[in-house]
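Chain residues, written in single-letter form:
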2 protein chains.
Amino acid sequence: MSSEIAGRPGPQGDEPRPHLSHRVPDLGALELLLAVARHGSLGAAAREVGITQPAASSRIRSMERQLGVALVDRSPRGSRLTDAGALVTDWARRIVEAAEAFDAGAQALRGRRDSRLRVAASMTIAEYLLPGWLIALRAARPDTAVSLQAGNSAAVAQRLFAGDADVGFVEGLAVPEGLDGVVVAHDRLALVAAPSHPWARRRGPLDPAELAATPLILRERGSGTRQVLDAALAGHGGLAEPLLELASTTAVKAAVVSGAGPAVLSELAISEELASRRLVAIPVEGVLLRRDLRAVWPAGHRPTGPARDLLSLTRG
Amino acid sequence: MSSEIAGRPGPQGDEPRPHLSHRVPDLGALELLLAVARHGSLGAAAREVGITQPAASSRIRSMERQLGVALVDRSPRGSRLTDAGALVTDWARRIVEAAEAFDAGAQALRGRRDSRLRVAASMTIAEYLLPGWLIALRAARPDTAVSLQAGNSAAVAQRLFAGDADVGFVEGLAVPEGLDGVVVAHDRLALVAAPSHPWARRRGPLDPAELAATPLILRERGSGTRQVLDAALAGHGGLAEPLLELASTTAVKAAVVSGAGPAVLSELAISEELASRRLVAIPVEGVLLRRDLRAVWPAGHRPTGPARDLLSLTRG
DNA sequence: ACTGCTCATAAACCCAGCTTATGACGTCAT
DNA sequence: ATGACGTCATAAGCTGGGTTTATGAGCAGT
């Protein structure tokens, strides 16, 4: 590989793209950078993250070397971010926020049996919504230890009946038998395609019958998303044979992005891709592609204590 | 709060919460986990990320120890994710995606002078939109080296006139003199408050006059967001004296989340907080709180080559 | 039983990042 | 001016996590 044809323009430079983790500073360094942005001082930032000032100095410096960009203006009166540094810091903040969500989720997953709040949730909710709720809960009630068990609606119901969970979250068209619940959010399904797909250039919205007649990339039969889609299109001739049938939302997404064809996916799963135009949403007329996300509990036993705190967060 | 009734059950456990970076596996480990999910094998995953099989084995193991959760089911025929592992992997993917955006941005920021595509962009666009576009561009045209210069509209225009940039992106109400452009996206501004704020429980939408009369948390005078807000409320009595005036969007966001009061912020900046209900959007009636985001170029010199590729990504 | 895949274990190594100790620079107050 | 206090930088030495190589053990299919 390095013996291309002849000489590269630059004698140095031009590394063969090592791995992402070598090009992106580690979390500790990013946290330190955020601390510098907040405090305007390397030393103060160092104190916040629990290291010494020379360590912080060296760490920021090596981050600048790694990125090839000056991030902070040092002066004897403190350190301010450069313009580039401010931008980098904003991007870094998004990584750290994702890491916080990861941490909140992982901590709940490890969940000790003695947790004060035991949550059972369906996959979509556990994956996309719960980490954010847990962060908010931690902010409001810092000492609430939460445990999380993820499973389908039936498993959630079972855990609630058995007293293994204080509150549940399910997605779907109906509340399972024996449970009460309230809607906490809606999961809208969107028809998406790659920007290169002909539908991406359409003017008006798509006709339901046309959607029904077109082969789509789908999750396997039985998945929640597919059930909703099936129900919504039942009156329009029913779903066509799938173009491709894949085992995970991620796989479907990847297939759509690579241009294999259109699919219907939860808006929760694709906000990122829509924002960057890796995917394009195509409006569909007159079909209600949405399902309710509900908090549930055994009929008559309205949640109290920590579970109520969590609910009040999700309902506003 | 922590001195509830009596003693804690567990004699050990109960660490005093070290830093985030010690509770979240590093990027390399997360990438490895994603590779395991894709390949169903530690060895194959190891090969993909460029380490040996024992290293991968040990890394996954220490990740499981760190999180306190079994992530993969090992068998002599391969490794599959456990249920918890699948969830953790989904959360991990969000960190890695944020890291990819960071990398794409940082690489453009380092931007060598010999880049094939030189972009000048305003802050909001550089911060929220451009990294995603760059990822998409890299997917479509892998060998396009991009350089990025961020600045306000005037700086963008200047760079274009000087021939220092091939294409620009600006936000605002009008196209700067001497430039042509097309709208590539809209930045909707949303009125937000903490979930505990009275407005969060309102039934109907807010009256513009009421919004204008209420003290808000604002960016300093002159910021793009504030200009739009000023213009939109000019016909409704004009903006009230600010409740608080802060220097960065992040600071405003933090103040709103902590319940200091309502603010008007770009939807781009708050999608995360809305999803997790740390913030609540309050509908406002009859005011157009939005600004156009435009690609621009010197009048008459429509972009060609790589710049055109980028534009076609942003327009779909 | 043999071959080929899987993952686990053990020992040696290496380097990134830490701490401690020190120094240089600039600002402010006296 | 001059000394005190803040800033960040440099240097030397240590430590440990993650790596490699080498090996072994378990199970499947031929």
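Residues numbered from 1 in each chain as written. Chains lettered and ligands numbered in written order. Predicted model: local features only at pLDDT ≥ 70, side-chain atom pairs only at ≥ 80, totals over all residues. Heavy atoms only, no water.

### Re the relation of the copies chain A and chain B
Thinking step 1. Least-squares fitting of chain A to chain B yields an RMSD of 0.1 Å, with the transformation described by 0.0 Å of translation along the axis and a rotation of 180°. The superposition operator between the copies reduces to a two-fold rotation axis. By C-alpha distance to the rotation axis, the residue of chain A lying nearest is Ile95(A), at 2.9 Å.
Thinking step 2. A symmetric contact is evident, with 96% of the interface residues of chain A recurring at the interface of chain B. (Least-squares fit on C-alpha atoms with pLDDT ≥ 70 in both. Contact = heavy atoms within 4.5 Å.)

### Things to note about the pairing of strand β4 (residues 146–150) of chain B
All names here are of chain B.
Thinking step 1. Relative to β4, strand β3 (residues 117–121) is paired through 5 bridges, and the arrangement is parallel. Bridging from a neighbouring strand, Ala121 pairs with Ala150 of β4.
Thinking step 2. Running through helix α6 (residues 123–140), the crossover from β3 to the neighbouring parallel element β4 is right-handed. (Pairing = 2+ DSSP bridges. Helix = DSSP H or I, 4+ residues; strand = E, 2+ residues; numbered from the N terminus. Right-handed = clockwise from strand over helix to strand, strands pointing away.)

### Looking at the packing of helix α2 (residues 27–39) of chain B against helix α3 (residues 42–49) of chain B
All names here are of chain B.
Thinking step 1. Running from amino to carboxyl end, α2 crosses α3 at an angle of 130°, the nearest separation of the two axes being 8 Å. Overall, the two elements α2 and α3 adopt an arrangement that is oblique. Remark: the crossing between α2 and α3 carries right-handed chirality. Residue-level inspection shows Glu31, Leu32, Ala35, Val36, Arg38 and His39 of α2 in contact with α3, the latter providing Leu42, Ala44, Ala45, Ala46, Glu48 and Val49.
Thinking step 2. The class makeup of the residues in the contact of α2 with α3 is 8 nonpolar, 1 polar and 3 charged. (Axes fitted to C-alpha atoms, helices over the stretch in contact; angles between N-to-C directions. Parallel < 35°, antiparallel > 145°, perpendicular 65-115°, else oblique. Left-handed = near helix turned anticlockwise from the far one by under 90°. Nonpolar A, V, L, I, M, F, W, Y, C, P; charged D, E, K, R; others polar.)

### Some points on the interface of chain A and chain B
As a measure of interface size, the accessible area lost when the parts come together is often cited.
Thinking step 1. In this assembly, 67 residues from chain A lie in contact with 68 residues from chain B.
Thinking step 2. Looking only at chain A, the three residues that lose the most surface to chain B are Leu20(A), Trp91(A) and Phe102(A), adding up to 14% of its buried area.
Thinking step 3. Here chain A is connected to chain B by 2 salt bridges.
Thinking step 4. Arg23(B) serves as the salt-bridge partner of Asp103(A), at 3.0 Å between the closest nitrogen and oxygen.
Thinking step 5. At the junction of chain A and chain B, the tally comes to 16 residue pairs in polar contact (both at pLDDT 80 or more).
Thinking step 6. Among the elements that make up the side of chain A that touches chain B, the one with the highest residue count is helix α5 (residues 83–110) of chain A (22 residues). (Buried area = accessible area lost by both parts, 1.4 Å probe. Salt bridge = Lys/Arg side-chain N within 4 Å of Asp/Glu carboxyl O. Polar contact = N/O pair within 3.5 Å; in protein donor to acceptor, adjacent residues only side chain to side chain.)

### Points about the protein's contact with DNA strand D
Thinking step 1. DNA strand D sits among 20 residues. The nearest are Leu42(A), Ser57(A), Arg61(A), Arg74(A) and Thr52(B).
Thinking step 2. Backbone atoms, meaning sugar and phosphate, make up 71% of the atoms of DNA strand D lying within 4 Å of the protein.
Thinking step 3. Take Gly43(A): an N or O atom from its main chain is 3.1 Å from a phosphate oxygen of DNA strand D.
Thinking step 4. At 2.7 Å, a side-chain N or O of Thr52(B) approaches a phosphate oxygen of DNA strand D.
Thinking step 5. Listing elements by their share of the surface near DNA strand D, those giving two or more residues are α3 (42–49), α4 (53–67), β1 (72–75) and β2 (78–81) of chain A together with α4 (53–67) of chain B.
Thinking step 6. In the surface near DNA strand D, the residues fall into 7 nonpolar, 9 polar and 4 charged. (Near = heavy atom within 4 Å.)

### Side note on the domain arrangement of chain A
All names here are of chain A.
Thinking step 1. As far as domains go, chain A holds domain 1 (27–112) and domain 2 (117–315).
Thinking step 2. Placing a centre on the C-alpha atoms of domain 1 and another on those of domain 2 gives a separation of 34 Å.
Thinking step 3. Counting each side, the surface lost to burial between domain 1 and domain 2 is near 700 Å², with a carbon and sulfur contribution of 62%.
Thinking step 4. If you sort the residues of domain 1 by the area they bury against domain 2, Ala104, Ala108 and Leu109 come out on top, with a joint share of 52%.
Thinking step 5. For the pair domain 1 and domain 2, the interface holds 1 salt bridge.
Thinking step 6. With a shortest N-O distance of 3.7 Å, Asp103 and Arg138 are connected by a salt bridge.
Thinking step 7. Our count for the contact surface shared by domain 1 and domain 2 stands at 2 residue pairs in polar contact (both at pLDDT 80 or more).
Thinking step 8. Of the residues that constitute the side of domain 1 that touches domain 2, the class distribution is 4 nonpolar, 3 polar and 4 charged. (Domains from an automatic or database assignment.)

### Considerations on helix α10 (residues 249–257) of chain A
All names here are of chain A.
Thinking step 1. Within the sequence span of α10, burial applies to Val252, Lys253, Ala255 and Val256. Angularly, the buried residues of α10 cover 165° about the axis, an arc narrow enough to put them on a single face.
Thinking step 2. Where α10 is buried, its residues contact β6 (179–193), β7 (217–219), β8 (244–246), β9 (263–266) and α11 (267–275).
Thinking step 3. Positive backbone phi, at 90°, marks Gly259, one or two positions downstream of α10. (Buried < 20%, exposed > 50% of the residue type's maximum accessible area, 1.4 Å probe, protein only. Arc of directions from axis to C-beta.)

### Some remarks on the nonpolar core
Thinking step 1. Counting 141 residues, the largest nonpolar core has Phe169(A) and Phe169(B) as the members making the most contacts within it.
Thinking step 2. In terms of residue count, α5(A) provides more of this core than any other element does, 14 residues in total.
Thinking step 3. Leu206(A), Ala212(A), Val264(A) and Ile282(A) belong to the second-largest nonpolar core, a separate cluster that totals 19 residues. (Core = buried A, V, L, I, M, F, W, Y, C linked by side-chain atoms within 4.5 Å.)

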